[in-house]
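Understanding the architecture of this molecule
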Amino acid sequence: MNKKKKIIIISAFSITVIAAVIVIACIYNHKDTSLSAVGDIYESNAAGLVETENLIYYVSDMQNGYIYVYDKNTKASSVLCNNPECKHNTGSCVASVFEPRMCINTLCSYNNNLYYADYDISSGNRVVLYKVSMDGSSKDNILTVYEFPAGEETSLQDINISSNGENIYLYTGECYDGEDPLKKRLIVYQINLKAESIKKLTEDDKYGGYIDICGFDSDNIYYSIIFFSKDLKNTYGSVYRYNIKSDEKEILADELKSVNTLCLSGKYIYYNVFQGNVYKYDLSTGKTEEFISFENPENMAGRLYADDTYIYYYNYNADYTDETETYLYVYDKDGKLKGSAKTLPADENIIKAYAIKDRLIFGTCSMTDDTKMKYSCIDKNDITAGEIKWRDLLQEN
């Protein structure tokens, strides 16, 4: 089997990004160690974009993958490689990425280094964790995450990472039946970056399942699984709490029906039903109530996000035509609409979403032309003022 086919990167809840970006291919040789907090608003601390006081590290070219660094002061991007002899056109470049989509889902930072999961290009039969210095001077393969069993039709679906200090949590779906790819084991690994060690925490068998880490507290990780009924006529969502110290798993909410997307904020689970409304599940009481009621729920089939302040609902037209209008709606925790914004252009679809300081950052691609990916942001101060504006995150000269 071709090694690039061993990871399935399209799921029922995400679309494949094939991105291209034009950047200035200059040599980067500056070190910035003042890291700001990076957290994803629907997968707490999810990886994919790393921001420091002056720099942003990112991947957006899905065909010729490289890690780029954007300088906020000069407003210019460059390949993250400080070798003046490198032409940045081979796998030997420090910034090169073999499977860009995997890097977009796993890029994170710790102790002045970047980390991401990718194929081991020397063997092609395993996924490893790479460490790249933030000054672009070195790249090391530090541990094996997953080795494909010899002679088996095994594949991985949607490898993601959520970071929490020196520990990162890699989660994925292992398709173990070559005749039925919807039979999957959903696995969470804990990787300690300081010790450079890996441990499997939990494993769940769910038909057609898709796993997200929702958040952390001092002793626990919270994760959700969305899965199909065996007849594929319905979807369900369950939320789990895994105690890292005791290695015990507890089901907090089981088989919420017809779930499209799901997120966790405080003591509540927020989830939306496909072509329906948004609901709130109280973890302390086990009760569900309607949170947002739409005038025309049959037209609502988008994604749901949350942070400590707001609930975000991103809706798009399933026809994917040039006339598609897609909107981001922002609600407070009482379900009151605080504002909405039409995306630019109209058919942009959110692939990743992050909350960094006072901004929301979105990685988006066009539903009619998925060859390009861009990063846009919204200032939370605009939401407070009642006017939501989309801004380019990487403003090139």
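**Section: the sheet that holds strand β4 (residues 55-58)**
Read from one edge of the open sheet, four strands run β3-β4-β5-β6, paired in antiparallel fashion. On the outer flanks of this sheet lie β3 (50-51) and β6 (76-79), each paired with one strand and no other. Two strands pair when backbone bridges link them, and β4 and strand β5 (residues 68-71) are joined in this way by four bridges, in the antiparallel orientation. When the bridges of β5 are listed, Tyr 58 appears paired with Tyr 68.

**Concerning the confidence of the model for the chain**
The predicted model of the chain averages 78 in pLDDT, with 80% of residues at 70 or higher. Scored below 50 in pLDDT, residues 318-322 makes five contacts in the model with residues more than four places away or belonging to other chains.

**A few points about the side chain of Ser 133**
Tracing the chain through its elements places Ser 133 in strand β9 (residues 126-133). According to the relative accessible area criterion, Ser 133 is buried, its value standing at 8%. A polar atom in the side chain of Ser 133 sits 3.0 Å from the backbone nitrogen of Ser 138. Discounting residues that sit within four places of it in the chain, Ser 133 has contacts with Leu 80, Asn 112, Asn 113 and Ser 138.

**A look at the pairing of β5**
With burial as the criterion, each face of β5 is covered, one bearing Tyr 68 and Tyr 70 and the other bearing Val 69 and Asp 71. Pairing of β5 with β6, which is carried by four bridges, proceeds in the antiparallel orientation. Pairing of Asp 71 across the sheet is with Ala 76, part of β6. As consecutive antiparallel partners, β5 and β6 are separated by four residues, and within that stretch Lys 75 has a phi angle of approximately 55°, a positive value.

Reading the values: rules and limits
Residues numbered from 1 in each chain as written. Predicted model: local features only at pLDDT ≥ 70, side-chain atom pairs only at ≥ 80, totals over all residues. Heavy atoms only, no water. Pairing = 2+ DSSP bridges. Helix = DSSP H or I, 4+ residues; strand = E, 2+ residues; numbered from the N terminus. pLDDT = per-residue confidence, 0-100. Contact = heavy atoms within 4.5 Å. Buried < 20%, exposed > 50% of the residue type's maximum accessible area, 1.4 Å probe, protein only. Polar contact = N/O pair within 3.5 Å; in protein donor to acceptor, adjacent residues only side chain to side chain.

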